[in-house]
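Chain residues, written in single-letter form:
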Amino acid sequence: MTGPAPASATARFDELWSRIGAALHTDAPLSSRVGEAALTATGAREAVLYLKDRDAWVRTGESGPVGPAPGELPEPLPTGVYHREGDLWLPLTAEGELHGLLRLCGVPEGASDGAALLGFLLGSVVATHRLSKQVRDAEFELKARLLELESLYDLGLSLGGQLDLSALADEVLFRSISLTDAGKGTLVLLEESGAVLLERSVGGEVVSARDAASWSLPEGGVINNEAAAVPTGGLMLSRCEKCLAVGIAVPGRRLGILAVADKESRDGRVLDFTATDARLLSLFANQAAGAIETARLHREAIEKERIERELELAAAIQRQILPRDLPAVPGVEIAARNRPTRQVGGDYFDVFPLSRGRLAFLVADVSGKGVPAALLVSTVHAAVHLQIDEAKTIAELVGRVDRHLQKYAATRKFLTCFFGLVEPDTGTLRYVSAGHNPALLRRGSGAVEPLGATGVPLGMFPNASWREETTVMQPGDLLCVYSDGITEALDAADEEFGLERLSRLLDEGPPARICDSVFDAVSAFAGDTSQYDDQTLLLLKRA
Amino acid sequence: MSEACKVSAERRGDVAILRTDGYINNQGGEEIAREAYAQLEGGARALVLNLEKTRIVNSIGISILIEVLEKVMDRKGMLAFCGLTPTIDKTFRIMGLAQYAEIYPTQEDALRGVNPQPA
């Protein structure tokens, strides 16, 4: 050892400790501190430290003015102080284990005395440093496991009240990526039909939504560490080196896929996902599945409520529009009724007493259902009431109503309509049928004549025109105008009520009774089968 | 969310405000450490890490933040976090970052925290 000659062995030992302690007690990295301590203690010119990294000995640091040229490690590794080509090789041991090797160059003559003790001291420093790091790593790992448990708990709590699918997806994906140390991740949620409902990626797409839709779970439900671009269960895991993917499912239904990729390490390597990662991701997927199903049911309930409100509104509009009472017009008997279905279609009928005892009437059937159809009916109603006194003929009235619809209707829907005008004195019936079901004219003889379409439906083509037809109703003749909800009413065998059955119900009786008969017959025919179209019937008989 | 975490720095006296945008993983952590060390070398006494635009942190990112915290403590400096999501807030508390660094709701709170007013 170097320095002034100490007075005693004890003092020399104290000084050695003091020098080593001073060199070691700095903020420098371990390799520098060990090297400096060795240089301080021995007076050597240069020091090189080799530490074991996994299974290999790695040159970890050097101290001194110039780092010595690389040299091969002695074979076998020395267990005691070892001299080679003027260098001193010092094994750093503690508790019988070799923790490092120190190569000292330019050691002054006689300074290697006590080197074995120095090796033991520095070995203890290296061992303590390693132990301390292991304890810190273990503590970090323990906290990370605690974080996983807390995250599972928090996720359960937060997903339990989360009805926003988008926020829910973010929550699950972010935690999955974070807790598996993944570099990227993707979450895809699917509709019941298999269509993509939602897709989220962080750091890049792990799996495309298109592939996710056709993916089938492999045995065990988890894909782990497959290399990129290897199709597994029909899933092409692209743009990643290693991945972990699990299905999100409830019994009997696949809801989506959760995939993370490229597990990071501190040194930049891509690690294999572990069994713990797979278990954690599966737990997240299970929690997500429950929450997604709850959110879906909630969304469906809201949608159902919205539809119910819309139907109520549509029904209210329709109730306001349909005439409450039918006018009494000398020379004719009238009966009319509308039976809306639950889905509220767009049937409309109306009657208008005109000058000179004439009577105009109509039955219309709007395409579509719900509020849009009800609004169109409302527009037609307004247009007819505005134009009926202006038009000179039925054809002109229909043309005016059509132009009104083309100009003002909020929705691009169309309607069929039978518009008639009867003069009770003469029995002259003028009519326009805009693509409507054939009206039925039952003669006193019992013969039934269909009155077919005289033009296209309203609102369908700009600049369309309609032909006006004329016929004469003899006393006792009965005109039956109806919507297709009557003739197309279905029974349990999907058979339609049909024109034939309707025709047979038209007799010489009063229209009100016939009207009841028709509705009773349709009800009996349909039984419990749900009907999807409004049913409207207007009967007009010349007295 | 962007693939790479971006870190921007603003200096207010001897306090450096570092704002992150993106995933604090290995790359994001290294970016923060590089900027933090540059600020410390440049004389910053305190660091405020504003994580308003970060929604994910992994364990590698946390270990790097711990290294930054240790470096700041070695220099007798201060480190404060702000703008954490509830998840990241809890993560930092469990992983021990909150033991030596204060967590504040906003950047203004953090700046007041690292610049205590004389009584």
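Owing to the predicted nature of the structure, the values given are computational and were not obtained by experimental measurement.

**Student:** Which parts of the structure should I look at to understand the packing of helix α4 (residues 165-180) of chain A against helix α6 (residues 275-321) of chain A?
**Tutor:** The relative placement of two packed helices comes down to the angle between their axes together with the axis-to-axis distance. Residue and element names in this part refer to chain A. Interhelical geometry of α4 versus α6 gives an angle of 175° and a closest axis separation of 10 Å. Here α6 runs roughly antiparallel to α4, going by the angle between their axes. Along its contact with α4, which presents Leu 165, Leu 168, Val 172, Arg 175, Ser 176, Leu 179 and Thr 180, the element α6 presents Asp 277, Leu 280, Leu 281, Phe 284, Ala 288, Ala 291, Ile 292 and Ala 295. For the contact of α4 with α6, the residue count by class is eleven nonpolar, two polar and two charged.

**Student:** Which parts of the structure should I look at to understand the environment of Pro 251 of chain A?
**Tutor:** For Pro 251 of chain A, the location among the structural elements is in the loop between β11 (243-250) and β12 (253-264). Sequence spacing of Pro 251 of chain A and Ala 289 of chain A is 38 residues, and the spatial spacing of their C-alpha atoms is 9.9 Å.

**Student:** Explanation requested: the interface of chain B and chain A in the structure shown.
**Tutor:** How big an interface is tends to be expressed through the accessible area that disappears when the partners come together. Across the contact, 18 residues belong to chain B and 18 residues belong to chain A. The biggest single contributor to the side of chain B that touches chain A is helix α2 (residues 59-74) of chain B, with four residues. Looking at the side of chain B that touches chain A, its residues break down into seven nonpolar, seven polar and four charged.

**Student:** Even after reading the chapter, I still don't get the nonpolar core, so can you show me in this structure?
**Tutor:** Soluble, globular proteins show a tendency: their nonpolar side chains are buried together. Core analysis: the largest hydrophobic core is formed by 80 residues, its most contacted members being Leu 258, Ala 259 and Ala 288 of chain A together with Leu 47 and Val 48 of chain B. Ranked by residue count, the leading element in this core is α6 of chain A, at ten residues. If near-sequence neighbours (up to four positions away) are discounted, Ala 259 of chain A is found in contact with Gly 185, Thr 186, Val 206, Val 207, Cys 243, Leu 244 and Ala 245 of chain A. One finds Ile 334, Val 398, Tyr 431 and Leu 478 of chain A within the second-largest nonpolar core, a separate group that totals 60 residues.

**Student:** Sorry if this is basic, but what is going on with the sheet that holds strand β5 (residues 102-104) of chain B here?
**Tutor:** The strands making up a sheet are joined through hydrogen bonds of the backbone, oriented either antiparallel or parallel. Residue and element names in this part refer to chain B. What the five strands build is an open sheet, ordered β1-β2-β3-β4-β5; its pairing is mixed. Unpaired on one side and paired on the other, β1 (6-12) and β5 mark the two borders of the sheet. On average, each strand axis in the sheet is inclined to that of its neighbour by 25°, with strand direction left out of account. Bridge analysis of β1 against strand β2 (residues 15-21) gives seven bridges, and the strand direction is antiparallel. In the strand pairing of β2, Lys 6 is matched with Asp 21. Across the sheet, helix α1 (residues 26-41) touches β1, β2 and β3 (46-53), and the angle it forms with β2 is around 165°. Where helix α5 (residues 107-114) meets the sheet, it contacts β2, β3, β4 (78-82) and β5, and its direction lies at approximately 165° from that of β4.

What counts as what
- Residues numbered from 1 in each chain as written.
- Chains lettered and ligands numbered in written order.
- Predicted model: local features only at pLDDT ≥ 70, side-chain atom pairs only at ≥ 80, totals over all residues.
- Axes fitted to C-alpha atoms, helices over the stretch in contact; angles between N-to-C directions.
- Helix = DSSP H or I, 4+ residues; strand = E, 2+ residues; numbered from the N terminus.
- Parallel < 35°, antiparallel > 145°, perpendicular 65-115°, else oblique.
- Contact = placed C-beta atoms within 7 Å.
- Nonpolar A, V, L, I, M, F, W, Y, C, P; charged D, E, K, R; others polar.
- Core = buried A, V, L, I, M, F, W, Y, C linked by C-beta atoms within 7 Å.
- Buried ≥ 20, exposed ≤ 12 C-beta atoms within 10 Å, placed from the backbone.
- Pairing = 2+ DSSP bridges.

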